[in-house]
Amino acid sequence: MFVCPKCGLPLNNFERIFKCPNGHCYDISSQGYVNLLLGNKKNAVHGDNKLMVSARRRFLSLGNYAVIIQKLFYIIESFGLNKNLILIDAGCGEGYYTNALTAMLDAAGYNISAYGLDVSKEAVALASKTYKNISFVVGSVNALPFSDNSADILLSVFAPISEKEFFRILKGEGILITVSPSPRHLYGLKEMVYDKVYENPPPKFASPLFNKVEEESVLSDMTLSSPEQVNDLFTMTPYFYKTGAKEQKKLQSISSLTTEIGFVFCVYKKQPYVG
Ligand SMILES: C[S@@+](CC[C@H](N)C(=O)[O-])C[C@H]1O[C@@H](n2cnc3c(N)ncnc32)[C@H](O)[C@@H]1O
Ligand SMILES: [Zn+2]
């Protein structure tokens, strides 16, 4: 499944290391993940940092976005896939969806081999510490360390997409499912923090390599009843990077929040005549 990021040959698992036929070696960490990100300087921070990762862990564990798991499950069921499935969650964060979806599919009689990849070492470390039945790897969507045609289900939840790499690792009959925010997702939160509020742009992934076979939205409301929950929600979103002192101050004064939430689910299949 894993391929060597240096030479592209398959990696074999020897107890605490992965090794390719050319002798390139990658240690398995004490938490159980492998780092296959090339050009990875020690202590360099890629992707979400520790603060964001722990905020996301606290927020998601309250079940606020559990509707996403249900919907992903129903979508997968509707495609009548083989019961032996390889699932890759690209940009898995701290592994909430990877784990919950795997558990749900498992309970429904699927035999799942699940993989989670993220560029953030902090996220992957926390994921693999918690979810032992899933193989987690540090890597980038732009150079996925998986063999060609390996995934039956490729998942991308609020995460970046690489059309070429996604095309390469998805099986011919496999499905790519993306989840992105609906136009008014978290509108109420933005109204409380920003002077001028814009709707989120629609999902922009369109590629000649893929056919979109389904698009559906799930819209709802969410109420958070403590300042800690509001702060965690804000910290796990991209707004966290973009917010100045004035908005931070406004954020700290919010003790509860009701906001619209919404998720757009798109399903893609590989174009049969490409590659
Ligand atoms: C908004 S978070 C979503 C995480 C998870 N899917 C979830 O919904 O809980 C986006 C994730 O993409 C990761 N990410 C950003 N750039 C990436 C890249 N080039 N390759 C892989 N992951 C990346 C971040 O580290 C972060 O964990
Ligand atoms: Zn190698």
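As the structure is a computational prediction, the values presented were derived from the model and not from experiment. (Residues numbered from 1 in each chain as written. Chains lettered and ligands numbered in written order. Predicted model: local features only at pLDDT ≥ 70, side-chain atom pairs only at ≥ 80, totals over all residues. Heavy atoms only, no water.)

## A look at the overall build of the protein chain
Operational definition: What counts as a helix is a DSSP run of H or I of at least four residues, what counts as a strand is a run of E of at least two, and both are numbered from the N terminus. Each residue gets one of three labels from its accessible area relative to the maximum for its type: buried under 20%, exposed over 50%, partly exposed in between, using a 1.4 Å probe on protein chains only. By definition, residues are in contact when any of their heavy atoms lie within 4.5 Å. Per-residue and other accessible areas follow the Shrake-Rupley method at a 1.4 Å probe size, with only the shown protein chains counted as cover for residues. Asp and Glu count as negative and Lys and Arg as positive, but His and the ends of the chain are not part of the count. The atom standing in for a charge is NZ when the residue is Lys, CZ when it is Arg, CG when it is Asp and CD when it is Glu.
Across its full length, the protein chain holds 9 helices and 11 strands. In the protein chain, which comprises 275 residues, the proportion classed as buried is 50%. Restricting the contact set of the protein chain to residue pairs at least 6 apart, pairs at least 24 apart contribute 70%. Only carbon and sulfur atoms are counted for the fraction: they give 52% of the accessible area of the protein chain, which is about 13,300 Å². Here the protein chain holds 28 positive side-chain charges and 25 negative ones, and the gap between their average locations is 6 Å.

## Some points on the sheet that holds strand S9 (residues 170–181)
What counts is decided by this rule: Strands are treated as partners if at least two bridges between them are detected by DSSP. Helix axes use the C-alpha atoms of the stretch in contact, all axes being lines fitted to C-alpha atoms, and the angles between their N-to-C directions lie in the range 0 to 180 degrees.
Here 8 strands make up an open sheet; going across it, the order is S4-S7-S6-S5-S8-S9-S11-S10 and the pairing mixed. Since the sheet does not close on itself, it has two edges, and those belong to strand S4 (34–35) and strand S10 (210–224), each with one partner. Here strand S8 (residues 151–157) pairs with S9 via 6 bridges, running parallel. Opposite Leu154, over in S9, you have Leu176 as the bridge partner. Relative to the sheet, helix H7 (residues 227–235) contacts S10 and strand S11 (257–270), its axis offset from that of S10 by approximately 155°.

## A closer look at the side chain of Thr98
Put simply, the test is: Nitrogen and oxygen atoms within 3.5 Å of one another constitute a polar contact, given that in protein one can donate a hydrogen and the other can accept it, and given that sequence-neighbouring residues count only through two side-chain atoms.
Along the chain, Thr98 turns up in helix H3 (residues 96–107). Polar side-chain contacts of Thr98 include one of 2.8 Å to the side chain of Asp89. For Thr98, the contacting residues outside a window of four places in its chain are Leu87, Asp89, Cys92, Tyr115, Gly116, Ile134 and Phe136.

## Observations concerning the pairing of S8
Rule in force here: Call a crossover right-handed when, viewed with both strands pointing away from you, the route from the first strand across the helix to the second goes clockwise.
Across the 7 residues of S8, 7 count as buried, placing the element largely inside the fold. Both strand S5 (residues 84–90) and S8 contribute to a ladder of 3 bridges, which runs parallel. The partner of Ile88 across the bridge, within S8, is Leu154. With respect to chirality, the unit in which S8 leads through helix H5 (residues 163–169) into the neighbouring parallel S9 is right-handed.

## What about the environment of Tyr97?
Along the polypeptide, Tyr97 turns up in helix H3. Taking the C-alpha atoms as reference, Tyr97 lies 6.6 Å from Ile69; in sequence the two are 28 residues apart. With residues near it in sequence (within four places) discarded, Tyr97 still touches Leu60, Tyr65, Ile68, Ile69, Asp89, Thr102 and Val157.

## A closer look at the site of ligand 1
To keep it simple, the criterion reads: In this text, near means that some heavy atom of the residue lies within 4 Å of the molecule or strand in question.
Near ligand 1 you find 19 residues, and of these Asp48, Gly91, Asp118, Val141 and Val157 are the closest. Contacts to ligand 1 include Asp48, whose backbone N or O atom sits 3.0 Å from an oxygen atom. At a separation of 2.7 Å, a nitrogen atom of ligand 1 approaches a polar backbone atom of Gly91. Relative to its unbound accessible area of 590 Å², ligand 1 is 87% covered by the protein chains. Taken together, the elements giving at least two residues each to the shell around ligand 1 come down to helix H1 (50–61) and strand S6 (111–118).

## Points about the coordination of the zinc ion (ligand 2)
This is how the line gets drawn: Donor atoms: N, O and S within 2.8 Å of the metal, or within 3.2 Å for Na, K and Ca. Because water is excluded, sites can look incomplete.
Taken together, the protein ligands of the zinc ion (ligand 2) are Cys4 (SG), Cys7 (SG), Cys20 (SG) and His24 (ND1), with distances of 2.1 to 2.3 Å. For the zinc ion (ligand 2), the single-chain donor residues occur in sequence as C-x2-C-x12-C-x3-H. A relative accessible area of 2% places Cys4 in the buried class. By relative accessible area, which is 31% here, Cys7 ends up partly exposed.

## Let's talk about the sheet that holds strand S1 (residues 12–14)
Strands sit in the order S1-S2-S3 across an open sheet of 3 strands; the sheet is antiparallel. In the strand order of this sheet, the two ends are held by S1 and strand S3 (25–27), each with one partner. Ignoring which end each strand starts from, the neighbouring axes of this sheet average 25° apart. As paired elements, strand S2 (residues 17–19) and S3 share 3 bridges and run antiparallel to each other. Bridging from a neighbouring strand, Lys19 pairs with Cys25 of S3.

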